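Coordinate analysis (summary)
So you can see what is in the structure, the chains are spelled out below.
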Amino acid sequence: MGRAGRRLPALAALFYGALAALVLLGVRDVLFLYEENRCSMTYMYEYPEYLKIKLPKKTARRYPAYELYLYGEGNYAEENKNLLLTGIPVLFLPGNAGSYKQVRSLGSIALRKAEDVDFKYHFNFFSVNFNEELVALYGGSLQRQTKFVHECIKVILKLYRDQEFAPSSVAIVGHSMGGLVARALLTLKNFKPELINLLITQATPHIAPVMPLDKYLTDFYTAVNNHWILKAQDLRNLTTLSVAGGFRDYQVRSGLAFLPRLSQHDSALSVVSSAVPRAWASTDHLSIVWCKELILATIRAFFDLIDENTRQITEDPKKRMSVLNHHFVRHPAKMFEENPEAFTGLTGAFMWITVKASKWTYSVYNDSDGKYFTFPLASHRKSYSHVYCENSMLDTNSWIYGCMNTNSSMCLEAADLSWRAELLPTTKVVMLKLQDYPSLSHIVIQVPPAVGKKYTLGCEFFEEDSRTVQLPVTHLMSFGLSSSKILLNSTGLLYNVQLQNFNQIYQAFKIYIESHCQSLKERKPSIYRLHIPWSHEDSIIVAKAPSLAEISAKLHVAQPHNDSSLPELNIYSSPDCQYEVILKTSLLQVLGQIVRFHAGAFPVYIVSNILLTYGGQLSTLRSTGQCSDFSLELVRTAKPYKVEPLISIVVFLQGFNWFREIWESLSLPEVDAAVLSSQDAWFPLVSLILFLFGTGIAYWSGVFFSTSLRLFSSLWLTLIRPTVLQKDKLITPRRLCGMISLALFSWTTCGAFAILIIYLQYLFKVVKLHVAVSAEQNMHKRDSGHSKETSQNSSTHTVKAQSSMDSIPDAAQSPSNSTTIAEAVNSLKMHITILNLFTWIVLLSLPSLIYWLKNLRYNVRLDPDPCRSTAVILVCILEILMNSSTSEVKSSKLLKIAAKVPLPLSVAMLAFGRIHLYRVPHFVTFSLLLHVLCCIV
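Residues numbered from 1 in each chain as written. Predicted model: local features only at pLDDT ≥ 70, side-chain atom pairs only at ≥ 80, totals over all residues. Heavy atoms only, no water.

1. A look at the overall build of the protein chain
The line we're drawing: Numbering of helices and strands starts at the N terminus; helices are DSSP runs of H or I of at least 4 residues and strands are runs of E of at least 2. Here the term buried applies to any residue with accessible area under 20% of the maximum for its type, exposed to any over 50%, and partly exposed to those in between, with areas from a 1.4 Å probe on protein chains only. The criterion used for residue contact is that any of the two residues' heavy atoms lie within 4.5 Å. Methods summary: accessible areas were calculated by the Shrake-Rupley approach with a probe of 1.4 Å, and residue burial reflects only the protein chains presented. Note that His is not counted, nor are the chain ends; the positive residues are Lys and Arg, and the negative ones are Asp and Glu. Every charge is mapped to an atom, namely NZ of Lys, CZ of Arg, CG of Asp or CD of Glu.
Summing up its helical and strand segments, the protein chain has 26 helices and 30 strands in all. In terms of principal-axis extent, the alpha carbons of the protein chain reach across some 135 × 70 × 60 Å. A total of 937 residues make up the protein chain; the buried ones form 56% of that total. Pairs at least 24 residues apart make up 81% of the contacts formed inside the protein chain by residues separated by at least 6 positions. Total accessible area on the protein chain is roughly 42300 Å²; 57% of this is exposed by carbon and sulfur atoms. The average position of the 89 basic charges and that of the 73 acidic charges among the side chains of the protein chain differ by 8 Å.

2. Considering the nonpolar core
Within soluble globular proteins, side chains that are nonpolar tend to cluster in buried spots. Stated formally: As used here, the term nonpolar core means buried Ala, Val, Leu, Ile, Met, Phe, Trp, Tyr and Cys residues forming a set that is joined through side-chain atoms within 4.5 Å.
L68, L91, F126 and I153 are the most contacted members of the largest nonpolar core, which has 155 residues in total. In terms of residue count, the dominant contributor to this core is helix α21 (residues 808-854) (14 residues). Setting aside residues no more than four positions away along its own chain, I153 makes contact with L91, V170, I172, L185, F191, L195 and I196. Counting 43 residues, the second largest nonpolar core, distinct from the first, contains Y71, V243, C291 and L305.

3. Brief notes about the sheet that holds strand β2 (residues 67-73)
Backbone-to-backbone hydrogen bonds pair the strands of a sheet. The strands run either parallel or antiparallel. Short version of the rule: Two strands pair under a simple rule: DSSP has to find at least two bridges between them. Geometry is summarised by axes, namely lines fitted to C-alpha atoms with helices restricted to the contacting stretch, and by angles between N-to-C directions that run from 0 to 180 degrees.
Judged by pairing direction, the sheet is mixed, and its eight strands sit side by side in the order β1-β2-β4-β3-β5-β6-β7-β8 without closing on themselves. Two strands in the sheet have a free side with no partner beyond their single neighbour: β1 (48-52) and β8 (268-272). Each strand of the sheet is rotated relative to its neighbour by a mean of 20°, with strand direction disregarded. Bridging between strand β3 (residues 88-93) and strand β5 (residues 171-175) involves four bridges; their strand directions are parallel. Along β5, the bridge assignment pairs F92 with V173. Here helix α9 (residues 317-328) sits on the sheet in contact with β6 (198-202), β7 (239-244) and β8, set at roughly 20° to β7.

4. Let's talk about the state of the cysteines
Our working rule: Disulfides are defined as pairs of cysteine sulfur atoms found within 2.5 Å of each other.
For the structure shown, the criterion picks out four disulfides. In this model C403 forms its disulfide with C411; the gap between the sulfur atoms is 2.1 Å. Across the S-S bond linking C403 and C411, the dihedral sits near -130°, which makes this disulfide left-handed. Assigned by exposure class, C403 and C411 land together as buried. The disulfide partner of C517 is C577, and the gap between their sulfur atoms is 2.0 Å.

5. Observations regarding the environment of L377
Within the element layout of this structure, L377 appears in the loop between β14 (371-376) and β15 (386-391). L377 gets classed as buried once you look at its relative accessible area, which sits at 1%. Taking C-alpha positions, L377 is 9.6 Å from V387, a pair spaced ten residues apart along the chain. In this structure L377 touches L434, L440, S441, H442, I443 and F461, once residues within four positions along its chain are discounted.

6. A few points about a nonpolar patch on the surface
Rules: What makes a patch is a set of residues exposed beyond 30% relative accessible area and free of salt bridges, joined within 9 Å when like-charged and within 5 Å when nonpolar (Val, Leu, Ile, Met, Phe, Trp, Tyr). Criterion for a salt bridge: a side-chain nitrogen of Lys or Arg within 4 Å of a carboxyl oxygen of Asp or Glu.
On the surface, a cluster of nonpolar side chains totalling about 630 Å² of accessible area is made up of F652, F656, W658, I662, L666 and L668. In this structure, W658 sits in helix α15 (residues 657-665).

7. What about the confidence of the model for the protein chain?
Rules: pLDDT is a per-residue confidence score from the predictor, ranging from 0 to 100.
Of the residues in the protein chain, 93% have a pLDDT of 70 or more, and the chain-wide mean is 89. Confidence drops under a pLDDT of 50 for residues 794-813, and excluding neighbours within four residues, the segment shows five contacts in the predicted structure.

8. Some words on the sheet that holds β14
One open sheet accounts for six strands, arranged β11-β17-β16-β20-β14-β12; its pairing is mixed. Because the sheet does not close on itself, it has two edges, and the strands there are β11 (343-345) and β12 (351-354). Going from strand to strand, the sheet's axes swing by 35° on average, the running direction of each strand aside.

9. Points about the packing of aromatic side chains
The way to describe two aromatic rings as a pair is by their centre distance and the angle between their planes. We count it as follows: For Phe, Tyr and Trp, where Trp contributes only its six-membered ring, two rings pair if their centres lie within 6.5 Å, and the inter-plane angle classes them as stacked under 30 degrees, edge-to-face over 60, or tilted in between. The rule for a charge over a ring is simple: NZ of Lys or CZ of Arg within 6 Å of the ring centre, and within 35 degrees of the ring normal.
For the coordinates displayed, the defined rule picks out 35 aromatic pairs. For the ring pair W716 and F764, a centre distance of 5.4 Å and an interplane angle of 40° mean the geometry is tilted. Note that W716 is positioned in helix α17 (residues 686-719) and F764 in helix α19 (residues 751-796), a separation of 48 residues in sequence. For F764, a relative accessible area of 46% puts it in the partly exposed group. An aromatic cluster of at least three residues, connected via ring pairs, comprises W360, Y362, F373, F375, Y384 and F461. The aromatic ring of Y495 is capped on one face by R467, whose charged end is 5.6 Å from the ring centroid.

Dropping the structure here:
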């Protein structure tokens, strides 16, 4: 039995160590295992300058920490110092801890573009200085920032008041939380929606905050999203583009950056940067503001949005959406035209060549003669359903046409099919369904003279079923041990591999594509695209042939319930190569998806486990009179079956109207699991997995905490003489004055700072107690050894009998001393657990403390303060608790209640705190308040 008892802690340590290791593997996948940075840096051609715009005195006085700047370089900056502006205003809003200087990439590229058109059109880029506030972690200033931006827009438009082409609106580019502030403008009562007609957000978490650490943050999100959903019809004239960073952005996952689905789809667009044409690169949270490929796409879109008549951004919402789709969704490798001509003349002294084969390739090198290749469709319509063509010449000229009902070998007028093309990294492709073009008699490929140029063209007719294959994905529980394979004997230019049953965010796969070619001749590279049909989150890889390529397949957004489309792996192949596709479940990336989507909820699960352990210690204290060790009690009490079933039952019952009505009548908030499920961020067993992960982290954080405490105590013992163990009074006049002073301090300045002060005070007290206990235990061991030695000497040397008698008083005092030490040890164990709980409250309140310290020069009082009331209560509670002992608690009438309350509190914490982290301290505070009452009653 003793051996089994010793084996249990070792097995528990091993089990929880494995759980903690799985968490670390998931964190590693999110933070380190992503594609390399394929973005080019944006450089300024001249020294950037930021001209501070003078604000009205009332505005400057109301918002002393905020400023407005105009970006400029070189001569352009000099010309604008008198603020006689004639361009198109664009306002840049930085995000969490962002700088107003981040506008320089947009401003510099726009300036170069304006020089290319001889300043016929140009943009004036303004930027707001939000003092680099941490608005992603503290929501108290978001409303203030929104109102300041409204004032800035009015100031900006006044600068153009006397100009010939004065703007009536401002375009906004918002990075991170700046994009949310821009959307919040429309919630202001006195804001006119026509003041902005274009909003581009970069890596903005639109759906929900990344870390919901205070009520102001979640309330702000609720107000903004509800307004955009309820007033969707009123916002149709505002065109919104949201660009997410992809898997490189581990700060804001791309699923959060997609605009709410109930928004009007004809005026809102959400894309991932990896799917943006001519960029095709994932960006991290900061590089999205300087990624040259993305900045170029944005500036090209801005210039294409200009109305030649007003010399401002067009007021036509349809044109705005057409431009954004052109540059951010599907680029046809042509310059944007609002109304392209339906027919075009095929002129020039080109040779006309008829091609009757179903498959055709042509290489061009130093060809001085132009050619037209015509493909009669009549002979192909019966045998084939589609025609696919590709061209490696990446210019913006038209190259493929459709002739209407002609019987001759020449076609003088044709429909330009180049607008149906799509630009890929090394080629431009077009695929036409013949049934959709019944009036076409020929397809014409134009090959212009190519002096000094080398490129290839190819066309083929095929039946869709022959080029589409289905590949079922492996089960999640296969852990990568099994695989799905398919071999493509490619004789064509295109294959579509449909991935069956790939539709959930918790799925993650490694796809290996190995190409085997018949000869070693130089050939065009293969292009592999993972296409997700329900969201713009495609990823593209270019690989040489032959080669082995690896693609990570995982989702940013789960498949909507009303969507039955399948993800596809598009293989743009070399015709003489075989392709073997192997798909395996990636356990590492599955863990990464769990961390990516639910890392923000880890503190809730960790605190819930610690709270269960705390309740178990109180229960053990009541039943045995002894306080158990933290790690042993965690193993005994932190069981998922105690909390998870009840939450699952409630979520299930909320699907019934009668239960929902009862729930709402009690004014209870919605269960967080139901909210996450509506956002498609919930999946089977995720709560159980997170609970186990939380248990593992709680276990090892407890071990780390205890070890650190022991090290501090050892250091203390070597430097300072330890104090004698003595029982402290719960409250003294001096402590009462300190408690009242600290409570007043927290109310008048910053609650988080008061929480930190009382935490450090409590920590000092616990270290001091640990030192005293260690010293007493060491002394007791020495005294026990001395007593035994004296007893042995008395039995052999009768001369020292008197000495033996003298040692009796010490031996008689020994039981009392042992009881004091045992009581102190019990109190120390309880204090360590409380301190462990309190540590997480301090961590959750740190953002508001950092915000307060950063803005201390503007205001001594943090307003609003999310921790104010909690801090006052905790100061009073902990001032009493740090002087308490388990002897007072054991005799309390309330101990039975205090021991049972942590379990329902843990359930409530998991039910209502997963996406409302600010509620966690309330549950802990209530439990500690009962502990204080146990000390008194």
